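# Coordinate analysis (summary)
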Amino acid sequence: MTKQDPLPTETSVIEQVPLDSLTLSDLNPRKTVSEAHIDTLAASIARFGLIQNLAGLRQPDGRVEIVAGGCRLRALQQIAAKAETPSPATVPVRLTEDPEEAAVWASAENAAREALTPADEIRAFGAMAAKGASVADITLAFAVSEARVYQRLALAALPQPVLDALAAGEITLGAAKAFTLSQDAALTQKLLDQIKDQPISEAQLKSALNPDAVSSSDRRARFVGQEAYEAAGGSLTRDLFSDAVYFADPGLLDDLFADALEAERTALVEEAGWLWAETKPEPWLNYYEIDQAKLARVYPVAGDLTEDEAEDYDTLAEMCEAGVLDATGEARLAALQAMLDGDYTDDQKAVAGCFVVVNQSGRPEVTAGLVRAEDKTAAIEAGVLTAPARPAPAPKSPYSQKLTADMQAIRLAAVQAALLAKPELVLDLLGFGVSEASGSFETVFGLRLERPSNVPSVEDGFAREPRLDHGIDATAYWSEGTRVEDLTETFNAFRAEGKKARNAHITEAIARSLPYKAGGDAFFDQIAAEARADIRKHWTPTAENFFARVSADHLTELLCAFLDCDARDERIMAFGKLKKAEKAEKMEKQITDPVTQKLMGLTSEQKENLAVWVPDCL
């Protein structure tokens, strides 16, 4: 058993010392303090009193030099200086006459000071609010911004297990924020148990907490409108940390969407005068379906402008192009344009109809002037549709359809069998079929590789890889697809490029078709690791593509992480006074501007960390 060192002997006493006899000691380690911090601390002491004593060294001549609590001393002196009728005031000071003991106090207090963790702040702020303290009171008491207090109080109502997990470091602050969306205690506990110490994005957690909720940005929500939804008894869930709003009753929203879409259809028939109108639940119209239905089409009758109207139109169009057209001129130009575009006649509407859909932006789109097969005769008789010329009848084939199909199957089997001995030809065909060379509409081996979305909505700071640009998105397939006229010639030219080019085409096509999180998180992570995928090689965080799209509070937290400091750091306090847009620009410069990095005092290690930093939402 080892002999323990004895506890240090307490030689100090606490005395009430006149404020005007206190000075700041050279032993005090905090030499530079912002005036804003002293102002905030002075307001806090004026409101709540001096909570913690000062510590000082008594000199032989009776003077007391403060070695710990220099900021409190400055704040007290400020309060006394502003008093209208100064009166003698004393301050509780822990005193010693031993310089070595005073030096230990000075170092110990500065080293022991540690910012509250988010969980501690949430509980502390919540406790004060529960006792009736205002946001302003809490701001003064803890010397933080009002925005920070509001953010923390929004989390104060979280279930105790969630706050315990945050305090233990088992979940992130972002995950805790996501739990504010939950209305189901059992689901909250279940998900909390699942995500502890697991990487999960806020978006994934929010989706799991509200699996049936519909975002207000959804086309159905935009079309119906929040006011109509709430008037029908629908409830909303709001994200306390963003502008996101969720419609909590998807069944009601679907009913309202169907009713509103039916109202659009009814108006097209009863008010606009079309013979028929039909709604489609999808956000786009399938033109292949229209072709299959053999619908004919009539077009608006173009209008004519008088000489004066035409001259007016040209003048207004030039002004619009130059960007100097006012609201009145824009309205006049739109009216003239509508006259030029023309409209459907009553005779056309009497024999034709339209489809109506709601697009992804929540706006109704009408495709009009469609004539059904049973109405074509009436349309021709009304003079709004021209009868098609009758083609000459094709000679009747001596072979039945079934016999032809059987013979085609036999030929296919023969070709497939022959290919088994020609692996190089198979690879040539595979490379040709999945490459851009064969166009979008042809398929080889029954394969067509789609391209999952790999371009962000905000492309600022994003470097495209040209080899990944080929491939048609499913929603744009029919409008943007390409077709090769002579496949044989194109295939021969493709083969002439050689095996290296062929293999590159195959690699690019297969890589383009990889979906996000293919095979689950672990499998996708393995692919990314083996491929040595580097997000920052293709993306640089900027104000436009990232920092302006998160909350100001989160920007402050990020800056604290970048600089390895807490919210009381002078750089953070100065940052907190900036407007949101200025903060976003400042954060971009932290990443990209060496001058800003130098001014902010970034170390080499911090710069290296910023060079590879990516947000934790991936």
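Let me sum up the structure you'll find in this document. Just so it is clear, the model here is predicted, and its values are computed rather than measured.

Cut-offs applied
Residues numbered from 1 in each chain as written. Predicted model: local features only at pLDDT ≥ 70, side-chain atom pairs only at ≥ 80, totals over all residues. Heavy atoms only, no water. Helix = DSSP H or I, 4+ residues; strand = E, 2+ residues; numbered from the N terminus. Buried < 20%, exposed > 50% of the residue type's maximum accessible area, 1.4 Å probe, protein only. Core = buried A, V, L, I, M, F, W, Y, C linked by side-chain atoms within 4.5 Å. Contact = heavy atoms within 4.5 Å. Axes fitted to C-alpha atoms, helices over the stretch in contact; angles between N-to-C directions. Parallel < 35°, antiparallel > 145°, perpendicular 65-115°, else oblique. Nonpolar A, V, L, I, M, F, W, Y, C, P; charged D, E, K, R; others polar. Expected span 1.5 Å × (residues − 1). Patch = residues over 30% accessible without salt bridge, like charges linked within 9 Å, V, L, I, M, F, W, Y side chains within 5 Å. Areas by Shrake-Rupley, 256 points an atom, 1.4 Å probe, with all protein chains shown as cover. Salt bridge = Lys/Arg side-chain N within 4 Å of Asp/Glu carboxyl O. Lys, Arg positive; Asp, Glu negative; His and termini not counted. Charge placed at Lys NZ, Arg CZ, Asp CG, Glu CD. Pairing = 2+ DSSP bridges.

### What to know about unusual backbone geometry
A positive phi angle is found at aspartate 564, which is not glycine, with a value near 55°. By the element assignment, aspartate 564 lies in the loop between α26 (552-563) and α27 (570-576). Given a relative accessible area of 61%, aspartate 564 falls into the exposed group.

### A few points about the nonpolar core
With 27 residues, the main nonpolar core has Tyr229, Leu253, Trp274 and Val371 as its most contacted residues. Elements with a minimum of two residues in this core: α11 (219-224), α13 (250-270), β11 (353-358) and β12 (364-371). The biggest single contributor to this core is α13, with six residues. Those residues within four positions of tryptophan 274 in sequence are excluded, and the remaining contacts are Leu268, Val269, Tyr344, Lys349, Ala352, Gly353, Cys354, Ala368 and Gly369. If you look at the next biggest cluster of nonpolar residues, it comprises 21 residues, including Val550, Leu558, Leu610 and Trp613.

### Digging into the packing of helix α4 (residues 118-130) against helix α7 (residues 160-167)
To describe two helices that pack against each other, one gives the angle between their axes and the distance between the axes. Where α4 meets α7, the axes come as close as 8 Å, and the angle between the chain directions of the two elements is 140°. In this view, α4 runs oblique relative to α7, as classed from their interaxial angle. Two secondary-structure elements touch here, α4 through Pro118, Ala119, Ile122 and Arg123 and α7 through Gln160, Leu163, Asp164, Leu166 and Ala167. For the contact of α4 with α7, the per-class residue count stands at six nonpolar, one polar and two charged.

### Digging into α4
Helix length check: α4 (13 residues) gives 18 Å between terminal C-alpha atoms against 18 Å at 1.5 Å per residue, within 8%. All buried positions along α4 are accounted for by Ala119, Glu121, Ile122, Phe125, Gly126 and Met128. Phi turns positive, to about 100°, at glycine 132, one or two residues after α4.

### Here's the deal with a negative patch on the surface
A contiguous patch of negative charge on the surface is contributed by Glu307, Asp308, Glu311, Asp314 and Glu318. Relative to the helices and strands, glutamate 318 is located in helix α15 (residues 307-322). Under the relative-accessibility criterion, glutamate 318 is labelled exposed at 59%.

### Some details on the packing of helix α1 (residues 35-48) against helix α2 (residues 70-82)
Packing of α1 against α2 brings their axes to within 8 Å, and their N-to-C directions diverge by 70°. By the angle between their axes, α1 is roughly perpendicular relative to α2. In this structure, α1 uses His37, Ile38, Asp39, Leu41, Ala42, Ile45 and Ala46 to contact α2, whose residues at the interface are Cys71, Arg72, Arg74, Ala75, Leu76, Gln78 and Ile79. Each residue belonging to the contact of α1 with α2 can be placed in one class, and the counts come to nine nonpolar, two polar and three charged.

### A look at the sheet that holds strand β10 (residues 296-297)
Spatially, the four strands line up as an open sheet ordered β9-β11-β12-β10, and their pairing is mixed. Pairing within the sheet leaves two strands with one partner each, and these edge strands are β9 (276-279) and β10. In the sheet, β11 pairs with β12 via six bridges, with the strands oriented antiparallel. From the neighbouring strand, valine 357 faces β12, where its bridge partner is glutamate 365. On the sheet, α13 packs against β9, β11 and β12 and is oriented at approximately 160° with respect to β9.

### So, the sheet that holds strand β5 (residues 90-96)
In spatial order, the strands read β1-β5-β3-β4-β2; together these five strands make up an open sheet with mixed pairing. Where the open sheet ends on each side, the last strands, each with one partner, are β1 (13-18) and β2 (22-24). Strand-to-strand twist in this sheet, taken as the mean axis angle between neighbours without regard to direction, amounts to 50°. The pairing of strand β3 (residues 54-58) with β5 spans four bridges and is classified as parallel. Bridging across to β5, leucine 57 finds its partner in threonine 96. Sheet contacts for α2: β2, β3, β4 (64-68) and β5; angle to β2, the most-contacted strand, approximately 130°.

### Description of the pairing of β11
Note on strand geometry: in a regular strand, side chains alternate between the two faces of the sheet. Burial within β11 is extensive, with six of its six residues counted as buried. Bridge count between β9 and β11: four bridges; the pairing is parallel. Note on β11: the bridge partner recorded for glutamate 278 is phenylalanine 355. Hairpin connection of β11 to β12: five residues between the antiparallel strands, including glycine 362 at a positive phi of 85°.

### Describing the environment of serine 145
Looking at the secondary structure, you find serine 145 in the loop between α5 (135-142) and α6 (146-153). Residues serine 145 and lysine 577, 432 residues apart in the sequence, show an inter-C-alpha distance of 9.5 Å.

### Here we look at the pattern of salt bridges
Across all of its chains, the model carries 15 salt bridges by this definition. Aspartate 61 is the partner of arginine 63 in a salt bridge, and the nearest nitrogen-oxygen pair spans 2.8 Å. Taking the relative accessible area as the measure of exposure, arginine 63 reaches 38% and is therefore partly exposed. The closest approach of N and O atoms between aspartate 254 and arginine 220, which form a salt bridge, is 2.8 Å. Remark: arginine 220 occurs in helix α11 and aspartate 254 occurs in helix α13; sequence separation between them is 34 residues. On the accessibility criterion, arginine 220 (21% relative accessible area) is partly exposed. Taken together, the shared-partner salt bridges in this structure form one network comprising Glu15, Arg58 and Glu97.

### Some details on the side chain of glutamate 309
Tracing the backbone shows glutamate 309 in helix α15. Salt bridges are absent for the buried glutamate 309, whose nearest opposite-charge side chain, arginine 332, sits at 4.8 Å. Beyond its immediate chain neighbours, meaning those up to four positions away, glutamate 309 contacts Asp304, Arg332, Leu336 and Met339.

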